[in-house]
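Fold and contact review
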Amino acid sequence: MKALKLNIYQQNATYKKPFAFKVAETYPLPPYSTVKGLLHKIMNAEEFNPLAISIQGSFENICFNLQSMYSYKSREGPSVTSVPSYVHMLYNVNLIIHVCAQPNIIDAIIKGIKDSEEYFSLGRREDLAVIEDFKQVNLEEIIIGRGKADPYEIKFPIYIPKKQLPPDLSGINYRLNWKYTIQNELRVWERIDTVYVESGNVIDSGTILLDEEGDLVFLMEGEGNDIC
């Protein structure tokens, strides 16, 4: 099995949680829908392309900033008010993204990276994303325990789809946006139950995927091996 591996650096980034109104809180890593949006932007795609994505990475610190938040009231006539609000920002973000897809889609992503004349962003429009490296890597299934491979210590914080979470591993639960459909002129999101697991945790049983550089890969369920 092969995957496209992207190393991305961002000096600042905010991956805003959708229901954080008083304070613009950020996820610790970009959600699946945000990464998928970047990949479709790179391809200049005009329709949904099936992708399987694994997301991991780290940040140095969390900063706080202020921005104007606007609210709209229409009961007594259209009006707009604004108030200052805190925004959480991650500082010095390093991401590792693995992408599995049909070969023509992987080729389109690589071509888009090479040919782009515009900067990329991930999160808000102003959150610049530098793709420092990209390459195709082999993925290998590793069986941990039972007299086979040694326990694996997680190197970077990672999203693990909840149904794939190895035994005795825990973290912060999120329900992350994946893709949406339009119903009655509104976006209705399909979400993935995911666990954010910190580095240093040890996987001591089960089957995992590693790339040829020893980095862990957890592709979200539903769009995995069948399109890789």
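**Some remarks on the layout of surface pockets**
In this model, the largest pocket occupies a volume close to 520 Å³. Taken together, 19 residues line the largest pocket, and the ones lying closest to its centre are S33, G37, W178, Y180 and W189. Elements that contribute at least two residues to the lining of the largest pocket include exactly α1 (32–43), β8 (172–183) and β9 (186–197). With five residues, α1 is the largest single contributor of residues to the lining of the largest pocket.

**Details of the pairing of strand β5 (residues 128–144)**
For strand β1 (residues 2–13) and β5, the ladder comprises eight bridges, and the chain directions are antiparallel. Counterpart to K5 in the pairing with β5 is K135. Across two bridges, the pairing between strand β4 (residues 120–121) and β5 is antiparallel. Note that in β5 the partner of S121 across the bridge is L128. Here β4 hands over to β5 after six residues, with G123 in that stretch at a positive phi of 110°. Pairing of β5 with strand β11 (residues 206–211) involves six bridges; the strand directions are antiparallel. Within β11, the residue paired with I143 across the bridge is T207.

Cut-offs and rules
- Residues numbered from 1 in each chain as written.
- Predicted model: local features only at pLDDT ≥ 70, side-chain atom pairs only at ≥ 80, totals over all residues.
- Heavy atoms only, no water.
- 1 Å grid on protein atoms, 1.4 Å probe; cavity = no way out; pocket = protein on both sides within 12 Å on 5 of 7 lines; lining within 4 Å.
- Points joined across faces, edges and corners; volume = space filled by probe spheres on them.
- Helix = DSSP H or I, 4+ residues; strand = E, 2+ residues; numbered from the N terminus.
- Pairing = 2+ DSSP bridges.

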